[in-house]
Amino acid sequence: MSQPVRYEVGAEMAARAHIDRAAYQALYRRSIEDPSGFWAEQAQQFVTWSRPWARVLDWDYQIPRIRWFEGAKLNVAYNCLDRHLASRGDRTAILWEADEPGETRAVSYRELFDAVCRFANALKARGVGKGDRVAIYLPMVPEAAVAMLACARIGAVHSVVFGGFSPESLKDRILDSDCRVVVTADEGLRGGRHVPLKANVDAALLACPRVHTVFVVRRTGRSIAWQAGRDLWYHETVASADPECPPVEMDAEDPLFILYTSGSTGKPKGVLHTSGGYLVYAAITHRYVFDYRDGDIYWCTADVGWVTGHTYCVYGPLCNGATTLMFEGIPTHPNPGRFWEVVDRHRVNILYTAPTAIRANMAQGDAWVQKSRRTSLRILGTVGEPINPEAWEWYYRVVGDRRCPIVDTWWQTETGGIMITPLPAVVTTKPGSATIPYPGIVPELVDAKGNKLEVGGGFLTIAQPWPGMLRTIFGDDERYREIYWSRFPDRYFTGDGAKLDEDGYWWILGRVDDVLNVAGHRVGTMEVESALVDHPAVAEAAVVGRAHDLKGQALAAFVTLKDGQNASDGLKDDLKAHVTQKIGAIARPDDIFFSADLPKTRSGKIMRRLLKDIAEGRALGDTTTLADPNVVSRLKEMYEARET
Ligand code: WT7
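Every value quoted in this text rests on a predicted model; they were computed, and no experiment measured them.

**Brief notes about the packing of helix α10 (residues 276–289) against helix α11 (residues 307–319)**
Point 1. At a closest axis distance of 8 Å, the pairing of α10 and α11 adopts a crossing angle of 85°. Classed by the angle they form, the pair α10 and α11 counts as roughly perpendicular. Contacts from Y278, L279, A282, A283, T285 and H286 of α10 reach α11 at H310, T311, Y312, Y315, G316, P317 and C319.
Point 2. Classifying every residue of the contact of α10 with α11 by side-chain character gives 8 nonpolar, 5 polar and no charged.

Rendered as structure tokens:
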């Protein structure tokens, strides 16, 4: 095999960055030889604590029990706001660009602080206290950060639900963590389209009798239904609220937030993150991975509904006193040059986005990028799925004009922050590889029996604990143990397959469980299958991922209909709409294929692997365990003959 292309660290970057190659090697070595000393130092440098810890780490993977900075006290909102007021109160904390080009808002640290204190008091006035859960279902508006930080200020636990999720998904999440308060907006605005957020909340709450309060941010001003007593306008509440709100002193291990993500069962899991370790990890990775410098304009394009939005739009940058750009819109509205126009308008220095967005931009042709100057850009980042070398090269050559290093950052909702990544002045990059671990992180490759491998392909595990790791699945410690700690003893199992090359570089191959990655978002095949069988015409369904040029993976559904039901294009559309309505547009299957039978093992398990071969037009893999080998060959013939 030919050697992949490599990109050396630029001289200017090497001279100016916070961490150069020598510093990385020293830091990494120290982080392994003396983890407690290393993390204690990071925690002291990046976070202000009101009481020090008694112990840096208490760790027992058998239970599993992981506690960082035990005994220490802090408040996350204090760290993101109060402590910056004296030195940078008038600097912009959130630079907001609306869906409509050029409509912007700069929220200073002082203004953000004021809004957070007032909204925290409004929450308290509705009975929200330490440990209570609050659901946040908002578009990308500064009020989303206000709501998150207001929860953090009073010790409430937020659960942000992505605005693209359906009322039913919202309802499931509200019920699972027993939220009593919801924060939403009248509508969202994306690419000129109105998203009926409040109407979705109203529909969800029909089945959530314990929710007593809904705060509504006025975004579009269109008329909405209103339930007096329950619904309150955000702007009215904040205007009349007391601006004094002392931060509640929290234990390092008190929960900060729950974020639902898809797993290999039909039910999303509430990943729980705590306060001290998460914040330390968010802040240090934000500073070093992006080589963040004071005064930079930093833009992470992720929605706050995903973990990237939590760690790298809100907590990491604000803890570091940065200016974080928040973008409400989409890359193609009103034209495909929008990203680059935003970069130029705000003189963005650091851009962090996803392979799916990079590929979508690439597909529009270089001219849209070349209309802009992009001279402010210094660092480019990518996250969410493996980036194909072609898209990497395009990002480097066309967007970054070959000046800007690319950091391909591997991590997960569960890890809290970036785990495997080049640091911009440290690593010679190879397009498509997330390269090497961040200091303090010990990834290890293992085979199916858990034996450690030095090179080649296998499962990606993490051998040592790190402060940003999840602590449990909300309300289900057993599922937490089972998913992450039971497959391989004494290690965290990521669910990803990976390859380690001769230079010690990591190449992430993707999920090895029943989880798909569609446009950088996790979709559980079981969730989509349950949504399909919920339709009255469907008897059985199997969902697999197939390669897709823009989204990385697309969903292909094989559906068996109930007796007497007729396969038709109309029914296909109906099923797609049904899934969208049950889960949200991200789970909408691209292909639906009707079939009288599904390939099953003798014990009745659907063999998704074979369906995937069919959906991707490959030769069929091993079929010897099939109950009826004819089913799959028939299916393959029919699939290939289908009208597309
Ligand atoms: C899964 C986690 C972490 C924020 C966004 C997604 C895949 C993530 C990369 C990357 C290859 C990646 C993995 C991982 N993934 N980043 N740079 N290269 N794969 O968070 O929804 O929790 O998904 O996304 O498969 O397990 P998430």
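**Some words on helix α20 (residues 629–641)**
Point 1. With 13 residues, α20 should reach 18 Å at 1.5 Å per residue; the first-to-last C-alpha distance of 19 Å fits that figure.
Point 2. Looking at α20, one finds that the buried residues are V631, V632, L635, K636 and Y639. For α20, the arc enclosing every buried residue in end-on projection is 130°, short of the 170-degree limit, so these residues lie on one face. Looking at α20, the residues exposed on the side facing more than 90 degrees away from the buried face are E637 and A641.
Point 3. Where α20 is buried, its residues touch β30 (552–561), β31 (591–594) and α19 (608–615).

**What about the packing of aromatic side chains?**
Point 1. Applying the stated criterion across every chain yields a total of 44 aromatic pairs.
Point 2. Seen in terms of ring centroids, Y480 and Y484 are 6.0 Å apart; in terms of plane orientation they differ by 55°. Their pairing is tilted. Taken together, the residues Y480 and Y484, both in helix α16 (residues 477–485) and 4 residues apart, mark about one turn of the helix. Take Y480 and Y484: they sit in the same class, and that class is buried.
Point 3. Residues F488 and F493 carry aromatic rings whose centres are separated by 5.2 Å and whose planes lie at 85° to one another, so their mutual orientation is edge-to-face. When sorted by exposure, F488 lands in the same class as F493, which is buried.
Point 4. Ring pairing ties together the aromatic residues F38, W39, W49, W53, W68, F69, Y281 and Y438, which thus form one cluster.
Point 5. The ring of W233 has R218 sitting right over it, with the charged end atom 6.0 Å from the ring centre.
Point 6. Here the guanidinium or amino end of K499 rests over the ring plane of W507, the centre of that ring lying 5.2 Å away.

**A word on the side chain of K430**
Point 1. By the element assignment, K430 lies in the loop between β20 (406–409) and β21 (443–446).
Point 2. A distance of 2.6 Å separates polar atoms of two side chains, one belonging to K430 and the other to D503.
Point 3. Among all residues touching K430, those that are not within four sequence positions of it are P4, V5, R6, D501, D503, Y505 and W507.

Reading the values: the criteria
Residues numbered from 1 in each chain as written. Predicted model: local features only at pLDDT ≥ 70, side-chain atom pairs only at ≥ 80, totals over all residues. Heavy atoms only, no water. Axes fitted to C-alpha atoms, helices over the stretch in contact; angles between N-to-C directions. Helix = DSSP H or I, 4+ residues; strand = E, 2+ residues; numbered from the N terminus. Parallel < 35°, antiparallel > 145°, perpendicular 65-115°, else oblique. Contact = heavy atoms within 4.5 Å. Nonpolar A, V, L, I, M, F, W, Y, C, P; charged D, E, K, R; others polar. Expected span 1.5 Å × (residues − 1). Buried < 20%, exposed > 50% of the residue type's maximum accessible area, 1.4 Å probe, protein only. Arc of directions from axis to C-beta. Phe/Tyr/Trp six-rings, centres within 6.5 Å; stacked < 30°, edge-to-face > 60°. Lys NZ or Arg CZ within 6 Å of the ring centre and 35° of its normal. Polar contact = N/O pair within 3.5 Å; in protein donor to acceptor, adjacent residues only side chain to side chain.

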